[in-house]
There are 2 protein chains.
Amino acid sequence: MTKKLTLKDIAKSLGVSTTTVSNAFNRPDQLSAKLRDHIVSSANELGYYGPSAAGRVLRTGRSNTIGIINHAEFSYALKDPLAVSFLQGVASVCDRENMSMMLLPGIGRSDKEFPAFDAMVDTFIIQSCFITDDLVKRVLAQGSRAIMVDGKIDGLARVTISDKASAHNAAKHLLDQGHEQFAILSFQLNATERDNLFSLEKLNQSRHYVAIQRLEGYLSAFKAAEIPQQQILIKECAENTGDAAYQVSLEILTKKKRPTAILCMSDRLAIGLMKAANKLGIQVPDDLSVIGFDDIEAATTCTPPLTTIEQLGYEKGQLAAELAISDEQPESIELPAKLVIRQSTKPPKK
Amino acid sequence: MTKKLTLKDIAKSLGVSTTTVSNAFNRPDQLSAKLRDHIVSSANELGYYGPSAAGRVLRTGRSNTIGIINHAEFSYALKDPLAVSFLQGVASVCDRENMSMMLLPGIGRSDKEFPAFDAMVDTFIIQSCFITDDLVKRVLAQGSRAIMVDGKIDGLARVTISDKASAHNAAKHLLDQGHEQFAILSFQLNATERDNLFSLEKLNQSRHYVAIQRLEGYLSAFKAAEIPQQQILIKECAENTGDAAYQVSLEILTKKKRPTAILCMSDRLAIGLMKAANKLGIQVPDDLSVIGFDDIEAATTCTPPLTTIEQLGYEKGQLAAELAISDEQPESIELPAKLVIRQSTKPPKK
DNA sequence: CCAGTGTCCAAAAGCGTTTTAGGGATCGTT
DNA sequence: AACGATCCCTAAAACGCTTTTGGACACTGG
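Here the residue numbers are simple positions, counted from 1 along each chain's written sequence. Chain A is the first chain written and ligand 1 is the first ligand written, with later ones labelled in order. Local features in a predicted model are, by the rule used here, given only for residues with pLDDT of at least 70; side-chain atom pairs are given and counted only at 80 or more, and totals for whole chains, interfaces and linings are based on all residues. Side-chain measures were taken over the full set of non-hydrogen atoms in the model, leaving aside hydrogen atoms and water.

**A look at the overall build of chain A**
Point 1. To qualify as a helix, a DSSP run of H or I must reach at least 4 residues; to qualify as a strand, a run of E must reach at least 2; elements of each kind are numbered from the N terminus. Of the regular secondary structure elements, chain A holds 14 helices and 12 strands.
Point 2. Radius of gyration (C-alpha) of chain A: 26 Å, far over the 20 Å computed for a compact globule of 350 residues.
Point 3. In terms of overall dimensions, chain A has a C-alpha envelope of 90 × 40 × 40 Å along the principal axes.
Point 4. Buried residues in chain A amount to 54% of all 350 residues.
Point 5. Between two residues, a contact is recorded if the distance between any of their heavy atoms is within 4.5 Å. A fraction of 70% describes how many contacts in chain A between residues 6 or more apart in sequence connect residues 24 or more apart.
Point 6. When the accessible surface of chain A is summed, it comes to about 15,900 Å², and 49% of that surface belongs to carbon and sulfur atoms. Only C-alpha atoms enter the radius of gyration, while the globule expectation follows 2.2 Å times N to the 0.38, with N the number of residues. Remark: exposure states derive from per-residue accessible area (1.4 Å probe, protein chains only) relative to the maximum for the residue type, with buried under 20%, exposed over 50%, and partly exposed in between. Computed with the Shrake-Rupley method and a 1.4 Å probe, the accessible areas treat only the protein chains shown as cover for residues.

Okay, structure coming up:
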């Protein structure tokens with residue numbers, strides 16, 4: 001393997017200055033077409049196909065890359081259909097703009113792990129409920145910008161959905177149908193404690209923006225209906241997976257006073273719940289109403305099709321990417337999310 | 001916003017050399033623990049959290065990044081379940097090794113488009129049926145390594161599956177059941193011509209490794225059974241999507257001499273085909289046997305569940321990533337793929 | 001013929017880091 | 001008391017590029 005060629009090598013070998021070679025590749029208007037063609041084609045023949053990125057990034061500070069920081073490891077994040085559509089949305093903008101996207105190792109749940117945030121990235125899209133202000137400070141310290149998705153960090157522009165209002169609507173829908181016994185299947189509120197007992201204290205300490213918003217939305221509807229909060233059974237699922245929900249659901253559904261309606265913070269949780277109900281011989285929606293969140297594809301194909309809240313993952317990704325590449329000071333945006341009524345909800349039996 | 005801090009700033013401000021600061025972050029054994037702690041904590045206080053990647057990459061030539069080149073745009077590639085599991089596999093290794101993965105803009109189908117291959121990437125994983133030797137030369141010219149997935153390029157280590165043998169088995173399965181009238185739903189053999197007429201000529205000119213292998217596998221089984229190739233109806237689908245297959249299938253299934261069995265190069269094509277059959281009132285498997293390829297999740301949930309060839313997308317991704325980060329000269333690997341018989345195949349009616 | 005106006009190209013200064021080669025102390029050994 | 005070994009640290013070069021500054025040259029118009 002021969003030594004790697006550089007701009008300077010080409011310049012010397014052609015008897016022109018490095019400036020001129022650089023211009024030939026980057027600023028065609030700076031030299032005559034004839035010379036430019038000559039340089040580019042000679043360079044190709046020699047085995048040089050353009051300036052190396054490393055040098056350019058160091059010099060210009062721009063890398064044409066969007067970095068994506070997720071709260072989970074990526075091998076896990078890619079299992080979440082919503083996360084995948086989000087990435088698709090980001091990718092669509094990157095494709096259009098000819099930018100690259102860089103997936104950074106997940107942050108994990110421990111504050112101690114600091115991954116390599118020193119990546120060469122123009123803008124980070126942060127989608128992590130576990131990110132701390134301190135971490136963000138590091139990101140910004142290296143000169144990158146950052147957009148926050150589904151979360152809230154002081155000073156960062158945000159892309160969110162109307163979590164709270166939609167959650168409120170979901171609960172209201174069940175109340176309107178006449179339900180009185182409720183349970184909520186929640187995400188893990190706290191990164192470290194992994195029990196599934198809910199407490200107001202935990203809610204206050206939680207940094208999981210989405211979970212907080214949705215919970216507050218649900219609870220505000222119950223409050224308006226004058227249902228005391230102690231009467232609502234709230235359980236956390238360790239992960240956003242059907243399996244995690246399945247386990248927790250068995251517990252909920254075998255209680256002596258079983259709820260007649262359950263609100264789930266995601267469709268994946270709802271589907272795990274329905275699997276548990278099915279296992280126990282509990283009919284959805286006849287014996288139990290279920291509402292999901294997200295409206296992933298599986299929500300339409302499961303039986304019964306899931307009443308849920310539709311959120312636009314793809315558009316969220318697009319929007320985040322647009323903010324990321326925009327030159328202007330980006331502004332925060334809240335996307336709408338709406339209740340989609342299918343067959344998993346029904347008034348309770350008398 | 002203040003000026004970005006550098007190693008040198010920290011060194012000056014602490015009264016030590018830049019070497020020492022660099023060592024404090026990268027080679028703890030090169031200085032006393034006391035000094036190291038002092039340097040790191042002072043640096044953090046000043047707002048410096050570690051050496052910038054841009055400088056390091058330029059200096060060391062290593063970026064701890066795996067680049068992924070796909071044949072399609074990423075917004076499209078992410079819609080393919082198999083591609084997603086592949087990415088998951090790659091991601092699992094990256095997570096473990098704390099590396100980043102970089103998704104590069106797709107190559108597209110035209111030879112003229114040369115995307116930004118000058119990315120700062122240690123190793124490229126190339127998964128593109130449209131990549132040319134010339135393109136690879138460029139990649140290697142910038143000093144990166146490359147692993148080829150599902151394809152063949154001289155000089156590159158490869159990760160493939162047993163496309164040909166499994167395709168042969170699939171066709172053999174139908175022959176054993178007594179079928180005599182066949183069709184094949186193929187990928188587009190050629191990047192530019194977009195008609196769906198097959199010809200041997202096109203097969204010979206094709207660079208679409210996977211399509212060629214599978215086609216040869218199917219045809220070898222027919223040859224062994226002494227079925228003349230002209231008798232096999234071969235149609236290409238412009239994209240690997242259900243919609244593309246749906247259109248082409250309508251055409252095939254309304255022919256006067258309709259095949260009793262159809263081999264599809266992917267499950268997505270097979271599912272589109274079954275949708276068309278359903279639309280035309282043709283029963284699968286009673287009136288028509290269908291075999292897919294890949295064994296994506298939808299193959300188990302569709303009706304009827306699809307007889308198909310299982311391939312290990314996740315493992316393929318893992319393996320490719322392992323080769324990518326390995327220090328040794330990587331060797332090519334072929335993963336097994338096996339026929340999974342479900343309910344979409346059946347002997348033909350007499 | 002001369003100033004004015006373009007056009008094209010060269011020299012040089014960094015961008016932030018790592019690493020090589022080596023310089024002083026300090027220590028233990030003879 | 002001298003000497004080598006050991007430990008901590010530093011100076012300086014190199015990595016490949018872009019961009020600013022300005023010079024050389026060939027044109028124009030007066």
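**With respect to the interface of chain A and chain B**
Point 1. Contact residues are listed per partner, giving 44 residues for chain A and 44 residues for chain B.
Point 2. Buried surface at the junction of chain A and chain B, summed over both partners, amounts to about 3,600 Å²; 64% is from carbon and sulfur atoms.
Point 3. When two parts are brought into contact, each loses some accessible area as probed by a 1.4 Å sphere; the total of that loss over both is the buried area. Interface area lost by chain A to chain B is led by Y49, D95 and M120 of chain A, which between them contribute 17%.
Point 4. Put simply, a salt bridge is a Lys or Arg side-chain nitrogen that is within 4 Å of an Asp or Glu carboxyl oxygen. The interface formed by chain A and chain B contains 0 salt bridges.
Point 5. For the side of chain A that touches chain B, the elements supplying multiple residues, two or more each, are α4 (53-60), α5 (74-77), α6 (81-97), β2 (100-103) and α7 (133-141) of chain A.
Point 6. Of the residues assigned to the side of chain A that touches chain B, the class counts are 24 nonpolar, 12 polar and 8 charged. Each residue is assigned to one of three groups, with Ala, Val, Leu, Ile, Met, Phe, Trp, Tyr, Cys and Pro labelled nonpolar, Asp, Glu, Lys and Arg labelled charged, and all others, Gly among them, labelled polar.

**Some details on the protein's contact with DNA strand D**
Point 1. Around DNA strand D, a shell composed of 23 residues is seen, among which L7, N26, Y48 and R59 of chain A together with T20 of chain B lie nearest.
Point 2. For each residue, the test is whether any non-hydrogen atom lies within 4 Å of the molecule or strand; if one does, the residue is near. Of all DNA strand D atoms lying within 4 Å of any protein atom, the proportion belonging to sugar or phosphate reaches 62%.
Point 3. Counted as a polar contact is a pair of N or O atoms within 3.5 Å, where, for protein atoms, one must be capable of donating a hydrogen and the other of accepting one, and residues adjacent in sequence contribute only when both atoms are in side chains. The separation between a phosphate oxygen of DNA strand D and a polar side-chain atom of S22 of chain A is 2.8 Å.
Point 4. S17 of chain B is positioned such that a nitrogen or oxygen atom in its backbone is 3.0 Å from a phosphate oxygen of DNA strand D.
Point 5. Contributions of two or more residues to the surface near DNA strand D are made by α2 (18-26) and α4 of chain A together with α2 (18-26) and α4 (53-60) of chain B.
Point 6. Element by element, the count of residues in the surface near DNA strand D is highest for α4 of chain A, at 4 residues.

**Quick notes on the sheet that holds strand β8 (residues 261-264) of chain B**
All names here are of chain B.
Point 1. For two strands to pair, DSSP has to find at least two bridges joining them. If you trace the 4 strands from one edge of the open sheet to the other, you get β7-β6-β8-β9, paired in parallel fashion. What marks the edges here is a single partner per strand, and that holds for β7 (233-237) and β9 (289-291). Neighbour-to-neighbour, the strand axes of this sheet turn through a mean angle of 20 degrees, independent of strand direction.
Point 2. Strand direction decides the pairing type here: strand β6 (residues 182-187) and β8, joined by 4 bridges, are parallel. Among the inter-strand pairings, F182 is bridged to a residue of β8, identified as A261. The axes are straight lines fitted to the C-alpha atoms, using for helices just the contacting stretch, and the angles between their N-to-C directions are given from 0 to 180°.

**Description of the pairing of strand β2 (residues 100-103) of chain B**
Point 1. Burial along β2 of chain B is two-sided: S100 and M102 of chain B and M101 and L103 of chain B, pointing in opposite directions, are all buried.
Point 2. Sheet topology places β2 of chain A next to β2 of chain B; 3 bridges connect them, and they run antiparallel. Residue M101 of chain A lies in a different strand from β2 of chain B, and its bridge partner there is L103 of chain B.
Point 3. Two strands pair when backbone bridges link them, and strand β1 (residues 65-70) of chain B and β2 of chain B are joined in this way by 4 bridges, in the parallel orientation. Each bridged residue has a counterpart across the sheet, and for G67 of chain B the counterpart in β2 of chain B is M102 of chain B.

**Quick notes on the environment of I333 of chain B**
All names here are of chain B.
Point 1. Structurally, I333 is set in strand β11 (residues 333-335).
Point 2. According to the relative accessible area criterion, I333 is partly exposed, its value standing at 29%.
Point 3. In contact with I333, other than residues within four places in its own chain, are R158, V159, T160, L319 and L323.

**A short note on the relation of the copies chain A and chain B**
Point 1. The least-squares superposition of copies is restricted to C-alpha atoms, and to residues with a pLDDT of at least 70 in both copies. Relative to chain B, chain A is turned by 180 degrees and slid 0.1 Å along the rotation axis, the superposed coordinates differing by an RMSD of 0.1 Å. Taken together, the turn and the small shift mark the pair as related by a two-fold rotation axis. Among all residues of chain A, the minimum C-alpha distance to the rotation axis is found for M102 of chain A, at 2.1 Å.
Point 2. Take the interface residues of chain A: 100% of them recur as interface residues in chain B, which is what a same-surface contact looks like.

**A look at the domain arrangement of chain A**
Point 1. The split into domains, and so the bounds of each, comes from an automatic or database assignment of domains. The domain architecture assigned to chain A consists of domain 1 (7-51), domain 2 (65-160) and domain 3 (162-311 + 336-340).
Point 2. Here domain 1 of chain A and domain 2 of chain A have C-alpha centroids that lie 37 Å from each other.

**Structural notes on the side chain of S144 of chain B**
Residues and elements named next belong to chain B.
Point 1. Considering the arrangement of structural elements, one finds S144 in the loop between α7 (133-141) and β4 (145-149).
Point 2. By relative accessible area, S144 is classed as buried at 6%.
Point 3. Engagement of the side chain of S144 in a polar contact is seen with the backbone oxygen of V121, the distance being 3.0 Å.
Point 4. Beyond its immediate sequence surroundings of up to four residues, S144 is in contact with V121, D122, F124 and V139.

**With respect to the protein's contact with DNA strand C**
Point 1. Around DNA strand C, 23 residues are found, and the nearest of them are S17 of chain A together with L7, S22, Y48 and R59 of chain B.
Point 2. Taking all atoms of DNA strand C within 4 Å of the protein, the share assigned to sugar and phosphate is 65%.
Point 3. At 2.4 Å, a backbone N or O of L7 of chain B approaches a phosphate oxygen of DNA strand C.
Point 4. Looking at the surface near DNA strand C, the elements with two or more residues in it are α2 and α4 of chain A together with α2 and α4 of chain B.
Point 5. Counting residues per element, the surface near DNA strand C draws most heavily on α4 of chain B, which supplies 4 residues.

**Re helix α12 (residues 267-279) of chain A**
All names here are of chain A.
Point 1. For α12, with 13 residues, the first-to-last C-alpha span of 18 Å sits near the 18 Å given by 1.5 Å per residue.
Point 2. Buried residues of α12: D267, R268, L269, A270, G272, L273, M274, A276 and A277, and no others.
Point 3. Regarding α12, its N-cap is S266, as a side-chain oxygen of that residue lies 3.3 Å from the backbone nitrogen of R268 further along.
Point 4. Once α12 finishes, G281 follows within two positions and takes phi at roughly 75 degrees, a positive value. Expected helix span is taken as 1.5 Å per residue step, with the number of steps being one fewer than the number of residues.

**What to know about empty space enclosed by the protein**
Point 1. Using a 1 Å grid laid over the protein atoms alone, points where a 1.4 Å probe fits but cannot get out form a cavity; open sets with protein on both sides within 12 Å along at least 5 of 7 lines form a pocket; any residue with an atom within 4 Å of a point counts as lining. Grid points are joined across faces, edges and corners, and a volume is the space filled by probe spheres set on the points. On inspection of all chains with the given rule, the structure shows 5 cavities of 30 Å³ or more.
Point 2. Lining the largest cavity we find T65, M102 and M120 of chain A together with T65, M102 and M120 of chain B.
Point 3. Residues that form the lining of the largest cavity fall into these classes: 4 nonpolar, 2 polar and no charged.

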